[in-house]
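# Observations on the three-dimensional arrangement
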Amino acid sequence: MNKIYPDAAAALDGILRNDMLIASGGFGLCGIPERLLDAIRDSGVTGLTFASNNAGIDNEGIGKLLRTKQVSKMIASYVGENKEFERQFLAGELDVEFCPQGTLAERMRAAGAGIPGFYTKTGVGTQVAEGKEVKSFGGEDYLLEEGIFADLSIVKAWKADETGNVVFRKTARNFNQPAATCGKVCVVEVEEIVPTGSLDPDCIHLPGVFVQRMIVGAPYDKKIEFRTVRERESA
């Protein structure tokens, strides 16, 4: 089975539709599937729900799709760097489900393992608990959180072999691994595809069984959310 496609638009062909739930990897601007996000924007699909740690920043990452009003709901942990997100949320144009960061990662991981729900202490007694089942274990209260079963997973990796075995690089691993496992279809963009058998099996982070389609997205520019510098002191 050939999993390699010439570009992002080809890799998403026949998959995209309106009102999809998409799990997207990345943390801030680190390890985001930017080629695939651009292709989703260019496709014109609307009513999308994104499950992602954050919504990027203005005009980067998922922020590009917020600008074009293609996102109707965000399931996220941190959204503080996106002014358009803030504007749409405060104007009632965007539905937001805030989810603690560890809980969000586990909701993706659980779905990838076929687990429909789990209990956690995180969020007990806060707004996060509103509308959720609370159960006591050993005298302690826990919330029932549901797994995120996405229609599509899009992730960014460092290397993959031709069968889809994937290696993430350093902190870019972040949410990419759990996001990759929870979708019905997983599309990965990588910096390099190498021959089958050339990757050390002990270094593979995501087995190829989870990956249906791949593209080479390189070259990439390293984007920085905030550049903070110190004024040069006079000699």
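Residues numbered from 1 in each chain as written. Predicted model: local features only at pLDDT ≥ 70, side-chain atom pairs only at ≥ 80, totals over all residues. Heavy atoms only, no water.

## As for the packing of aromatic side chains
- As enumerated under the stated definition, the model contains three aromatic pairs in all.
- Taken together, a centroid distance of 6.2 Å and an interplanar angle of 80° make the contact between Phe89 and Phe98 edge-to-face.
- Seen in terms of ring centroids, Tyr119 and Phe137 are 5.2 Å apart; in terms of plane orientation they differ by 65°. Their pairing is edge-to-face. With Tyr119 in strand β5 (residues 117-120) and Phe137 in strand β6 (residues 134-137), this residue pair connects regions lying 18 residues apart in the sequence. (Phe/Tyr/Trp six-rings, centres within 6.5 Å; stacked < 30°, edge-to-face > 60°. Helix = DSSP H or I, 4+ residues; strand = E, 2+ residues; numbered from the N terminus.)

## Brief notes about the side chain of Asp161
- Locating Asp161 in the fold gives a position in strand β8 (residues 150-161).
- Among the polar contacts made by the side chain of Asp161, one reaches the side chain of Thr163 at a distance of 2.8 Å.
- Engagement of the side chain of Asp161 in a polar contact is seen with the side chain of Asn165, the distance being 3.0 Å.
- Leaving out residues up to four positions away in the same chain, Asp161 has contacts with Ile193, Val194, Pro195, Thr196, Gly197, Leu199 and Met214. (Polar contact = N/O pair within 3.5 Å; in protein donor to acceptor, adjacent residues only side chain to side chain. Contact = heavy atoms within 4.5 Å.)

## Some words on the nonpolar core
- Residues Ile40, Phe50 and Met74 are the most contacted members of the largest nonpolar core, which totals 28 residues.
- Among the elements that line this core, the one with the most residues is helix α2 (residues 34-43), at four residues.
- One finds Ala51, Ile75, Ala150 and Phe175 within the second-largest nonpolar core, a separate group that totals 25 residues. (Core = buried A, V, L, I, M, F, W, Y, C linked by side-chain atoms within 4.5 Å. Buried < 20%, exposed > 50% of the residue type's maximum accessible area, 1.4 Å probe, protein only.)

## Looking at the pairing of strand β3 (residues 71-76)
- With four bridges connecting them, strand β2 (residues 48-51) and β3 associate as parallel partners. The residue of β3 that forms the bridge with Leu48 is Val71.
- Examined bridge by bridge, β3 and strand β4 (residues 95-98) share four bridges and lie parallel to one another. Paired with Lys73 across the bridge in β4 is Asp95. (Pairing = 2+ DSSP bridges.)

## So, the pattern of salt bridges
- Following the criterion strictly, the structure yields 18 salt bridges and no others.
- Here Lys69 ties to Glu93 by a salt bridge, and the two come within 3.8 Å at their closest N and O atoms. You can see Lys69 sitting in the loop between α3 (63-67) and β3 and its partner Glu93 sitting in the loop between α4 (83-90) and β4, a full 24 residues away along the chain.
- On the basis of relative accessible area, Glu93 is assigned to the partly exposed category, the value being 38%.
- Because the salt bridges share partners, they merge into one network encompassing Asp58, Arg67, Lys69, Glu84, Arg87 and Glu93. (Salt bridge = Lys/Arg side-chain N within 4 Å of Asp/Glu carboxyl O.)

## Notes on the sheet that holds strand β7 (residues 140-146)
- One open sheet holds the three strands; their spatial order is β5-β7-β6, and the pairing between them is antiparallel. Looking at the sheet topology across the chains shown, the edges are occupied by β5 and β6. Here the average twist between neighbouring strands, direction ignored, is 40°. (Axes fitted to C-alpha atoms, helices over the stretch in contact; angles between N-to-C directions.)

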